[in-house]
Amino acid sequence: VYVLFRSVDRLGILLVLANLLNASMILLMFSRSSASGLLSLWGCAVFMLSGLVFLRLSYHNRNPDARRRVRVAIRKHVLTAALFGMLWALLPVIVIPVTHDFGLVTVGVVLAGMVFGCSLTLSRLPAATLAFSVPVTGSLLATLTIYTDVPESHLAGLTAMYLIIIAVCVRWTRTPCG
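The present account deals with the structure reproduced in this document. From a predicted model like this one, the values you see are computed outputs, not experimental measurements. Going along each chain's sequence as written, the residues are numbered from 1 onward. Only residues with pLDDT of 70 or above have their local features reported here, since the model is predicted, and side-chain atom pairs are shown and tallied only from 80 upward, although totals for entire chains, interfaces and linings are computed over all residues. Processing note: side-chain calculations cover all non-hydrogen atoms of the structure and skip hydrogens and water entirely.

A closer look at the packing of helix 3 (residues 70-95) against helix 5 (residues 126-147)
If you want to describe how two helices pack, look at the angle between their axes and the distance between the axes.
Point 1. Two numbers describe how helix 3 lies on helix 5: the axes approach to 7 Å, and their chain directions differ by 10°. Taken together, the axes of helix 3 and helix 5 are roughly parallel relative to one another. Each of His 77, Val 78, Ala 81, Ala 82, Phe 84, Gly 85, Met 86, Trp 88, Ala 89, Pro 92 and Val 93 in helix 3 lies in contact with helix 5, whose residues at this interface are Ala 127, Ala 128, Ala 131, Phe 132, Pro 135, Val 136, Ser 139, Leu 140 and Thr 143.
Point 2. Classification used: nonpolar for Ala, Val, Leu, Ile, Met, Phe, Trp, Tyr, Cys and Pro, charged for Asp, Glu, Lys and Arg, polar for all others including Gly. Grouping the constituent residues of the contact of helix 3 with helix 5 by class yields 16 nonpolar, four polar and no charged. Fitting a line to C-alpha atoms yields each axis, with helices limited to the stretch in contact; the angle taken between N-to-C directions then spans 0 to 180 degrees. Put simply, DSSP H or I for four residues or longer makes a helix, DSSP E for two residues or longer makes a strand, and each gets a number counted from the N terminus. For classification, angles of less than 35 degrees are called roughly parallel, those exceeding 145 degrees roughly antiparallel, those between 65 and 115 degrees roughly perpendicular, and all remaining angles oblique. When checking whether two residues touch, look at their non-hydrogen atoms; a contact exists if any pair is within 4.5 Å.

Remarks on the side chain of Thr 80
Point 1. Within the secondary structure layout, Thr 80 lies in helix 3.
Point 2. Remark: exposure states derive from per-residue accessible area (1.4 Å probe, protein chains only) relative to the maximum for the residue type, with buried under 20%, exposed over 50%, and partly exposed in between. Residue class for Thr 80 comes out buried when judged on its relative accessible area of 12%.
Point 3. Think of a polar contact as two N or O atoms within 3.5 Å of one another; within protein, one of them needs to be a possible hydrogen donor and the other a possible acceptor, and neighboring residues in sequence only count if both atoms come from side chains. Polar contacts involving the side chain of Thr 80 include one to the side chain of Arg 56, which spans 3.2 Å.
Point 4. Not counting residues up to four positions away in its chain, the partners in contact with Thr 80 are Val 53 and Arg 56.

Points about the packing of aromatic side chains
Point 1. Classification of ring pairs rests on two measures: the distance between centres of Phe, Tyr or Trp rings, Trp counted by its six-membered ring, which must be within 6.5 Å, and the angle between planes, read as stacked under 30 degrees, edge-to-face over 60 and tilted in between. What the rule picks out here adds up to one aromatic pair.
Point 2. For the ring pair Trp 42 and Trp 88, a centre distance of 4.9 Å and an interplane angle of 85° mean the geometry is edge-to-face. Taken as a pair, Trp 42 in helix 2 (residues 36-62) and Trp 88 in helix 3 lie far apart in primary sequence, 46 residues in all.
Point 3. Accessibility expressed as a relative area gives 3% for Trp 42, which makes it buried.

Quick notes on the layout of surface pockets
Point 1. When its volume is computed, the largest pocket comes out at roughly 320 Å³.
Point 2. Cavities and pockets are found on a 1 Å grid laid over the protein atoms alone: a cavity is a set of points where a 1.4 Å probe fits but cannot escape, a pocket is an open set with protein on both sides within 12 Å along at least five of seven lines, and a lining residue has an atom within 4 Å of such a point. Every residue lining the largest pocket is counted, 18 residues in all, and those nearest its centre are Gly 108, Val 109, Ala 112, Leu 140 and Thr 159.
Point 3. Looking at the lining of the largest pocket, the elements that each hand over two or more residues are helix 4 (101-121), helix 5 and helix 6 (150-173).
Point 4. Of all the elements, helix 4 adds the most residues to the lining of the largest pocket, at eight residues. Grid points are joined across faces, edges and corners, and a volume is the space filled by probe spheres set on the points.

Some points on the environment of Gly 85
Point 1. Secondary-structure assignment places Gly 85 in helix 3.
Point 2. When the C-alpha positions of Gly 85 and Ala 131 are compared, they lie 6.6 Å apart, and in sequence the two are 46 residues distant.
Point 3. Gly 85 has contacts with Ala 131, Phe 132, Pro 135 and Val 136, leaving out every residue within four places of it along the chain.

A look at the nonpolar core
Point 1. Only buried residues count toward a nonpolar core. Its members are Ala, Val, Leu, Ile, Met, Phe, Trp, Tyr and Cys residues joined through side-chain atoms within 4.5 Å. Formed by 41 residues in total, the largest nonpolar core has its most connected members in Ile 26, Leu 39, Trp 42, Trp 88, Leu 91 and Phe 132.
Point 2. A total of ten residues in this core trace back to one element, the largest contributor, which is helix 3.
Point 3. Here Trp 88 is in contact with Asn 19, Asn 22, Ala 23, Ile 26, Trp 42, Val 110, Leu 111, Met 114, Phe 132 and Val 136, once residues within four sequence places are set aside.

Brief notes about the packing of helix 4 against helix 5
Point 1. Across the interface, helix 4 lies against helix 5 with an axial gap of 9 Å and an inter-helix angle of 160°. Relative to helix 5, helix 4 is oriented roughly antiparallel. For the pair helix 4 and helix 5, the sense of crossing is left-handed. Here helix 4 contributes Leu 104, Leu 111, Met 114, Val 115, Cys 118 and Ser 119 to the contact with helix 5, which in turn contributes Thr 129, Phe 132, Ser 133, Val 136, Thr 137, Leu 140 and Leu 144.
Point 2. For the contact of helix 4 with helix 5, the class distribution of residues is nine nonpolar, four polar and no charged. By definition, any crossing whose near helix is turned counterclockwise from its far helix by less than a right angle is left-handed, and any crossing with a clockwise turn is right-handed.

See the structure below:
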């Protein structure tokens, strides 16, 4: 269990960097939209959570007693994934109602990349994978269904299928850690 946890722990830095990079791109791309005020608050929350996670991971890597607290650390990874999932779930709610088709495509591409990237990286912790993926895809599903025309709402069905595929693949292909 400890070896599996250490591999997830090391990949945590990669997840922090992915969150920072994608949040920066979203803030840059929508800086002139009517959603820029709410996106600024959202971006601050993503950057603050990323900083806290980075500090926690840095401390954990230097702590010699960390091996004894693997179960607690796994729960912290799941909680962190859930917090990031909730933050990313806010993105389509903020952006899609006030932007045009470009905003829809941009948000869809970024969220798809985040969901698949985080799912692959966190696949050793199925609870963390689902804690991130479910809120993000659920929010995208709801936003696509409510705020878009019929052709775009078919993307909601595709998004739901992606979530099911992720859940099945993570459950069947990896040995869970905890």
